[in-house]
Each structure stands twice: as structure tokens, then as C-alpha cells.
Amino acid sequence: MATAAAPRDPGLPAVRLLNAWFCPFAQRAWIALEEAGVDFENVQAMSISKDEVNYDKTPELLEANPNGLVPTVLRFDENGNRLGCVYESMICVEYVHEALWEAGGKAGRIFPENVEQRARCRIWIDFVGKKLVPPFYRMLVKTDEAEREEAKQSLREAMVTFAQAMPPATDGPFFLGKEFSAVDISFAPWAHRMFVLQHYRAFDWHAGAGGAAAAGTEEEGAGNRESTLAGMAMARFDVWMGATLARSSVVATLAEHAALIGTYKRYADNVTTSQVAESVRAGRALP
């Protein structure tokens, strides 16, 4: 039976983020806290072991989260007693909005006020988790060249679909237009890591986004139109990516390129023991 966590110094911030600087899932919660203007402690609770394959985790993380994963968000009352422990990255983002921002955040909303728009955000967050994030890891972890190429095409097509769901850039650069939201947060960490795919897998997300045109005049015309639409979508994606990665709440969380190149070598060499990599190898959905 788990024991209650001991109270801590009540003078510390009420929110404590158990984080890992290299983890894109943890970065989602980190961005949300920055965006909402919530005072919080940022604690590095997981690091890469000296063998550069496994992970070292703090006792606090292992006690707080049964999965031993980041992000984990802890909240305390004025006496230092723990009120809550929340994990799973996008659940943390929702928690930041619903509990922490509404209780005293100093900055903007993460989800729109309109209920239909909030539902639309959740639909596209689900798309990010199912269609955009998985091929990123398949491209890195898979050793078969044909499977890597399939992952490249899947990611390009998903990026096109994602961008086509956005309003014109003239209406604002973000997924909802002028308003930054949880949808932007959900894919921002991997948008930042596109250079990792370029480095290890020579991935060019603009190449072949619309697919090759078929033979024959009519088929060629349809293929060219598809390619043109895909090109327009990728241009819109580039606008989104530029604005999202320049957002102050995102900039505050960005790791340096060289450091991330080093951490992802484990994936490119297919030696990492992360749950994400193990799921890719087994052909399972990401945890």
C-alpha cells in the first residue's frame, strides 16, 4: 500500500513538474505551464544512464508515478501537503488549463472557451498522437529501409492533413489561427525535432508530399493538382512551425540541437530501451 508523501516547504511554488529536458512528451506539460503563466518548480527527474541506453529516475518520480515516466505534475496546498499527482502528457496539459490556469494562471488560455472549438482541439490532438508522432519514431527505430520510407511518406501525408485543417495563414499562424492552443502544444516538441530526422534519416518533409503523378493526361492532371495542394499545405505547415517554435512559452523549453542529436542516437542505432521504442519494435500503439 502506497504511503502518503511527506509535506514539503510551503514556501515553494504550489506546482512541481517532474521533467526530463530531452523528452518531447514532458515538453508538452512544460510548454503548457509556461503558456498559462503558472508558477512552478522544474525538476529534472529522469536522465539518460551512463550506458547511454537506459534511464536513471529519481525516487520522487518512482514514488509519484507508477509508470515512472515524465511528465508528472504535482500540486501542493499552502501547508505543503500534496493535493494531486497527474501524468500522461496531454492529460497534464488539460490539467494545467482546467485546474492551474483557472486557479491563478497569469497568461492565456490553452483551450478555447467555445465548447465546439474545444472538442475540435481534442479531435486534432488525437490525430497528432495517432498519425504524426508514431511515424517520427518508426523512421528512427525501424532498421528496414522500406519501413523507414513508409514512415517518411506517412509522416508527410499526416503533416499535409494537419496543415489543411488550419485556417489560411492570413487569419493567424497557429492551428486555430490567431490563438495558440493545446493543439499547437501537442506537436510542437516534434516540430522542433524535425532536424533529428534530417540528421539521421535525411528526411525532407517537402519532398513527395503529394505523391507521384500517374501516367496519362487526365491522371497526370489529377496528380499535379494533388501535388500542388500538398505543396500549399506544406507551406502552411512551415508558417505554423515557425510561429509555434518562436512562441515564448515554447522557446523557454527548447533543447539545443547538438544535445538532442546526441540523445536520439540511441533511437537511430536501435538500442534505446524506452517504452516508445519497444512499442515501435513490437508494432504496438505508442504508450
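Refer to the structure presented above.
Quick caveat, the model's predicted, so the values are computed rather than measured.

1. Quick notes on the packing of aromatic side chains
Part 1 of the reasoning: Within this structure, the stated rule accounts for 19 aromatic pairs.
Part 2 of the reasoning: Ring centres of Trp124 and Phe162 lie 6.5 Å apart, and the angle between their planes is 55°; this geometry places the pair in the tilted category. One end of the pair, Trp124, is in helix H4 (residues 115-141); the other, Phe162, is in helix H5 (residues 145-164), and 38 residues separate them in sequence.
Part 3 of the reasoning: Look at Phe162 and you get buried, because its relative accessible area is 0%.

2. Observations regarding the packing of H4 against helix H6 (residues 182-192)
Part 1 of the reasoning: Running from N to C, H4 and H6 point in directions that differ by 10°, and their axes come no closer than 9 Å. In this view, H4 runs roughly parallel relative to H6, as classed from their interaxial angle. Along its contact with H4, which presents Cys121, Trp124, Ile125, Val128, Leu132, Val133, Phe136 and Tyr137, the element H6 presents Ala182, Val183, Ser186, Phe187 and Trp190.
Part 2 of the reasoning: Residues belonging to the contact of H4 with H6 are distributed by class as follows: 12 nonpolar, one polar and no charged.

3. Digging into the pairing of strand S1 (residues 15-19)
Part 1 of the reasoning: Most of S1 sits inside the fold, with five of its five residues counted as buried.
Part 2 of the reasoning: Of the two faces of S1, the one holding Val15, Leu17 and Asn19 and the one holding Arg16 and Leu18 are both buried throughout.
Part 3 of the reasoning: Alignment of S1 against strand S5 (residues 72-76), held across four bridges, turns out to be antiparallel. What sits directly across from Arg16, in S5, is Leu74.
Part 4 of the reasoning: Taken together, the four bridges between S1 and strand S2 (residues 41-44) define a ladder with parallel strand orientation. Bridging from a neighbouring strand, Leu18 pairs with Val43 of S2.
Part 5 of the reasoning: Regarding topology, helix H1 (residues 24-36) serves as the crossover connection from S1 to the parallel S2, and that connection is right-handed.

4. Comments concerning H6
Part 1 of the reasoning: Counting buried positions over the 11 residues of H6 gives 11, a clear majority of the element.
Part 2 of the reasoning: Among all positions of H6, only Ala182, Val183, Asp184, Ile185, Ser186, Phe187, Ala188, Pro189, Trp190, Ala191 and His192 are buried.

5. Some words on unusual backbone geometry
One can expect most non-glycine residues to show negative phi and most peptide bonds to be in trans.
Part 1 of the reasoning: With omega at 5°, the peptide bond leading from Val70 into Pro71 counts as cis.
Part 2 of the reasoning: The phi torsion at Glu88 lies on the positive side, around 75°, for a residue other than glycine.
Part 3 of the reasoning: Mapping Glu88 onto the fold places it in the loop between strand S6 (82-87) and helix H3 (89-104).
Part 4 of the reasoning: The exposure class assigned to Glu88 is partly exposed, which follows from its relative accessible area of 38%.
Part 5 of the reasoning: At Asn270, a residue that is not glycine, the phi angle is positive and equals roughly 60°.
Part 6 of the reasoning: Within the secondary structure, Asn270 is located in the loop between helix H10 (257-268) and helix H11 (275-282).

6. Re the pattern of salt bridges
Part 1 of the reasoning: Enumeration over the complete set of coordinates arrives at 13 salt bridges.
Part 2 of the reasoning: Here Glu98 ties to Arg122 by a salt bridge, and the two come within 3.7 Å at their closest N and O atoms. You can see Glu98 sitting in helix H3 and its partner Arg122 sitting in helix H4, a full 24 residues away along the chain.
Part 3 of the reasoning: Given the relative accessible area of 45%, Glu98 is considered partly exposed.
Part 4 of the reasoning: A relative accessible area of 33% places Arg122 in the partly exposed class.
Part 5 of the reasoning: Between Lys142 and Glu147 there is a salt bridge whose closest N-O contact spans 3.8 Å.
Part 6 of the reasoning: In this structure Glu147 comes out as partly exposed when scored by relative accessible area, which is 35%.

Conventions adopted
Residues numbered from 1 in each chain as written. Predicted model: local features only at pLDDT ≥ 70, side-chain atom pairs only at ≥ 80, totals over all residues. Heavy atoms only, no water. Phe/Tyr/Trp six-rings, centres within 6.5 Å; stacked < 30°, edge-to-face > 60°. Helix = DSSP H or I, 4+ residues; strand = E, 2+ residues; numbered from the N terminus. Buried < 20%, exposed > 50% of the residue type's maximum accessible area, 1.4 Å probe, protein only. Axes fitted to C-alpha atoms, helices over the stretch in contact; angles between N-to-C directions. Parallel < 35°, antiparallel > 145°, perpendicular 65-115°, else oblique. Contact = heavy atoms within 4.5 Å. Nonpolar A, V, L, I, M, F, W, Y, C, P; charged D, E, K, R; others polar. Pairing = 2+ DSSP bridges. Right-handed = clockwise from strand over helix to strand, strands pointing away. Salt bridge = Lys/Arg side-chain N within 4 Å of Asp/Glu carboxyl O.

Taken by themselves, the reported measurements are silent on function.
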